[in-house]
Amino acid sequence: MGAIEVAGVTVQTDHWIDGHRVPSAETFTDISPVDEVELGRIAAGGAPEVDAAVEAARRAFPEWAALPIDERAAVLHRIADGIEARVEDLAIVETTDNGSLLRSHRRGVMPRCAMNFRYFADAVRELAHPDREIRGHRQRISYQPAGVAAIITPWNAPLMLATWRIGPALASGNCVVLKPPEWAPLTASLLADITAEAGLPPGVFNVVQGTGPEAGAALSAHPGINRLAFTGSVPTAGTVATAAARNIVPLSFELGGKSPLLVFADADFELAVTLAVEQFDNSGQVCLGAFRILVEESIAEDFLAAVVDKARGIIQGDPRDEETDISCLISRPHFDKVSAFVDRATSAGASVVLGGTPNTELGHLYYSPTILVDAEPGSEILTEEVFGPVLTVQTFRTEDEAVRMANDTRFGLAATLVTGDRDRAERVSSALSAGTVWVNCFFVRDLGAPFGGNGKSGIGREGGVWSFDFYSDIQNTVFAPQGWRQDPSQQS
Ligand code: NAD
């Protein structure tokens, strides 16, 4: 049985299948992006481990699905208790594994992971539709668990994005097989410990560690899964969708973005500047990030100067330090990809007004906050997701032009607008093509609200009842009144 010590926390490195730790002959190396030091070797699963996990989930399903909803909810609340009790461990392990800020894990992210169980445990009890009378018959709409939910997650917020799917999947009575990201696999393993301590029956939750092309591919193509929730990039989504299509498995996809931030001349200037600089959070490794700043021409010069000035105050450094604002990128390949994006943009005519290079003082995987202007319309830097600390600034003259530029993307995850004019806020927000629109705010998210993207940003919505719609087979049952006989002339 394999285990490693990460900042004083013991983390099991094997899979978690049917309530047991299961090793693999193959392993992969987990590297901390904070300092590029090897953390250890993690079990690398493939088809055999995925088979075992899906079979375990299928075996556990009838009993878990049949458990009274209150009892299911009680287990999920105990998982949430377990997460809250281990916030410090989860926070330091996640930070070490993916380089995002320790302080935000402690204060925001890990408590939110617990909420992902609590919210859906409570919400599932409110789910029943009232029976309705239809032409003298009684109609009942009920939610039945779908079966085995396969969940594949990315590295930028590993435990948050996993629990956001696992919570509603389990609450609805499904069993789960999770394939965590190979770049940040560790908190999934701690979650397995927590679920066991909370009394979740063996097989209800399984973790198969491994790479995308091996473990991820085997899971998405598995004929024994009934739902596939994938969070990741558009290219991978295409491969995953193709594999799942053979088995006609319903998909929920949360993918990339290239979201706009629209700043009108009537905006609260300070607020707009703050929101722009906030886009550097997590070194820009945020799917919802508004990396295309569109600003009204009349204020553009002052606005850009103020954004650059404020961005110069960003403290980049070790994610474990309290004062650090942004840290490193996830991996060497990703670092090279971000650098290459900026280099190609400047070669194609964009000008750098801030950063534009790796942070040579910090070395390793630290890339400086970067702001580019004068990019050619339609150029790669304005259209492709960089997933790094790179903002572009463009100007517009009219509201129509602003909306046109904002919607000029194949993505549609989110959009943010800053304006002091309420009528404009109404008009522009409804004209924007995005799953989430923020007006004079950013990243305000509620678990009861629908979340998802338009266009290439995803398929479907999750959150609140939309999650239950996805993880359930929804049944319509019609009861005839006693003694009723079918009248052939009434049939439709
Ligand atoms: P990725 O697509 O490379 O990997 C995501 C997951 O898919 C990983 O677990 C990976 O192992 C797995 N995978 C890779 N190849 C696979 C294959 N052939 N079959 C099955 N699984 C496979 O994405 P990433 O680099 O880990 O994450 C960054 C991307 O995720 C960005 O595009 C970002 O916008 C997106 N994202 C979206 C949201 C959202 O809610 N919309 C949230 C976070 C991240």
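This structure is a prediction, so every number in the text was calculated from the model and none was measured.

## What about the sheet that holds strand β15 (residues 292–296)?
Alright, step 1. Strand order in the open sheet made by the seven strands is β16-β17-β18-β15-β14-β19-β20, with mixed pairing throughout. Unpaired on one side and paired on the other, β16 (351–354) and β20 (436–439) mark the two borders of the sheet. In this sheet, adjacent strand axes meet at a mean angle of 25° when their direction is disregarded.
Alright, step 2. In terms of strand pairing, β15 meets strand β18 (residues 390–396) through five bridges, oriented parallel. When the sheet's bridge partners are listed, Val295 is paired in β18 with Thr395.

## Looking at the domain arrangement of the protein
Alright, step 1. One can read the domain layout of the protein as domain 1 (3–255 + 457–477) and domain 2 (260–439).
Alright, step 2. When each unit is reduced to the centre of its C-alpha atoms, the spacing between domain 1 and domain 2 is 31 Å.
Alright, step 3. Listed by partner, the interface residues are 22 residues for domain 1 and 28 residues for domain 2.
Alright, step 4. Taken together, the two surfaces of domain 1 and domain 2 that pack against each other cover about 2,100 Å², and 56% of this comes from carbon and sulfur.
Alright, step 5. Contact with domain 2 buries area across many residues of domain 1, yet Glu36, Trp155 and Ser457 alone supply 25% of it, more than any other trio.
Alright, step 6. For the interface between domain 1 and domain 2, the tally reads four salt bridges.
Alright, step 7. There are 12 residue pairs in polar contact (both at pLDDT 80 or more) connecting domain 1 and domain 2.
Alright, step 8. Listing elements by their share of the side of domain 1 that touches domain 2, those giving two or more residues are α3 (87–98) and α4 (102–123).
Alright, step 9. Class assignment for the residues of the side of domain 1 that touches domain 2 results in nine nonpolar, six polar and seven charged.

## What to know about the pairing of strand β17 (residues 370–373)
Alright, step 1. Residue alternation in β17 divides its side chains into two sets, Thr370 and Leu372 and Ile371 and Val373, and both sets are buried.
Alright, step 2. Relative to β17, β16 runs antiparallel, the two sharing three bridges. Within β17, the position partnered with Val352 by the bridge is Leu372.
Alright, step 3. Pairing of β17 with β18 involves four bridges; the strand directions are parallel. Within the sheet, the bridge partner assigned to Val373 lies in β18 and is Val393.

## A few points about unusual backbone geometry
Alright, step 1. Positive phi values are uncommon outside glycine, yet Asp18 reaches one of about 55°.
Alright, step 2. Note on placement: Asp18 falls in the loop between β3 (15–17) and β4 (20–22).
Alright, step 3. Not every positive phi belongs to a glycine, and Phe387 is a case in point at roughly 60°.
Alright, step 4. Here Phe387 shows up in the loop between α12 (380–383) and β18.

## So, the nonpolar core
Alright, step 1. Counting 124 residues, the largest nonpolar core has Ile166 and Phe205 as the members making the most contacts within it.
Alright, step 2. Per-domain counts for this core show at least three residues from each of domain 1 (3–255 + 457–477) and domain 2 (260–439).
Alright, step 3. Leaving out residues up to four positions away in the same chain, Ile166 has contacts with Phe117, Ile151, Val176, Leu178, Leu191 and Phe205.
Alright, step 4. Of all hydrophobic cores here, the second largest spans 18 residues; its members include Phe335, Ala345, Ala350 and Ala375.

## Description of the side chain of Asp30
Alright, step 1. Within the secondary structure layout, Asp30 lies in strand β5 (residues 27–32).
Alright, step 2. Of the buried charged residues, Asp30 lacks a salt bridge, with Arg41 as the closest side chain of opposite charge at 10 Å.
Alright, step 3. In contact with Asp30, other than residues within four places in its own chain, are Val37, Glu38, Leu39, Gly40, Ile42, Asp97, Glu182, Trp183, Pro185 and Leu186.

## Structural notes on the sheet that holds strand β8 (residues 137–145)
Alright, step 1. Spatially, β7-β8-β22 is the arrangement adopted by the three strands of the open sheet, whose pairing is antiparallel. Because the sheet does not close on itself, it has two edges, and the strands there are β7 (132–134) and β22 (472–479). Each neighbouring strand pair of the sheet contributes to a mean axis angle of 35°, computed without reference to strand direction.
Alright, step 2. Two elements, β8 and β22, share eight bridges in a ladder whose sense is antiparallel. Residue pairing across strands places Tyr143 opposite Ile474, the latter belonging to β22.

## Here we look at the site of the ligand
Alright, step 1. Around the ligand sit 29 residues in total, of which Thr153, Lys179, Glu182, Ser233 and Glu385 are the nearest.
Alright, step 2. Between the ligand and the protein, one listed contact pairs an oxygen atom with a backbone N or O atom of Gly212 at 3.3 Å.
Alright, step 3. Residue Ala217 places a main-chain N or O atom 3.4 Å away from a nitrogen atom belonging to the ligand.
Alright, step 4. Alone, the ligand offers 850 Å² of accessible surface; in the complex the protein occludes 89% of this.
Alright, step 5. Top contributing element to the shell around the ligand by residue count: helix α7 (residues 212–220), with four residues.

Calculation notes
- Note that residues are indexed from 1 along each chain, following the sequence as it is written.
- It should be noted that, the model being predicted, local features are given only for residues of pLDDT at least 70 and side-chain atom pairs only at 80 or more, the latter also being counted only at that level, while totals for whole chains, interfaces and linings use all residues.
- Excluding hydrogens and water, the side-chain figures rest on all heavy atoms present in the structure.
- In this scheme, strands are said to pair when DSSP sees at least two bridges between them.
- Secondary structure elements follow DSSP: runs of H or I no shorter than four residues count as helices, runs of E no shorter than two count as strands, and numbering proceeds from the N terminus.
- In this description, a line fitted to the C-alpha atoms serves as the axis of each element, helices being fitted only across the stretch in contact, and the angle between N-to-C directions of two axes falls anywhere from 0 to 180 degrees.
- The domain limits used here are those given by an automatic or database domain assignment.
- Here, two residues are considered to be in contact whenever any of their heavy atoms come within 4.5 Å of each other.
- Here the quantity called buried area is the total loss of accessible area, with a 1.4 Å probe, experienced by two parts when brought into contact, counted for both.
- By salt bridge we mean one thing: a side-chain nitrogen of Lys or Arg within 4 Å of a carboxyl oxygen of Asp or Glu.
- Nitrogen and oxygen atoms within 3.5 Å of one another constitute a polar contact, given that in protein one can donate a hydrogen and the other can accept it, and given that sequence-neighbouring residues count only through two side-chain atoms.
- Lys, Arg, Asp and Glu make up the charged group, whereas Ala, Val, Leu, Ile, Met, Phe, Trp, Tyr, Cys and Pro make up the nonpolar group; the residues left over, Gly among them, are polar.
- For every residue, the accessible area (1.4 Å probe, protein chains only) is compared with the maximum for its type, and the residue is labelled buried under 20%, exposed over 50%, or partly exposed between those bounds.
- Only buried Ala, Val, Leu, Ile, Met, Phe, Trp, Tyr and Cys residues count toward a nonpolar core, and they belong to the same one when joined by side-chain atoms within 4.5 Å.
- Charge counting follows a simple rule: Lys and Arg are positive, Asp and Glu are negative, and His as well as the terminal groups are ignored.
- By convention in this text, a residue qualifies as near a molecule or strand provided that one of its non-hydrogen atoms is within 4 Å of it.
- In these tables, accessible area is a Shrake-Rupley quantity obtained with a 1.4 Å probe, and a residue counts as shielded only by the protein chains included in the view.

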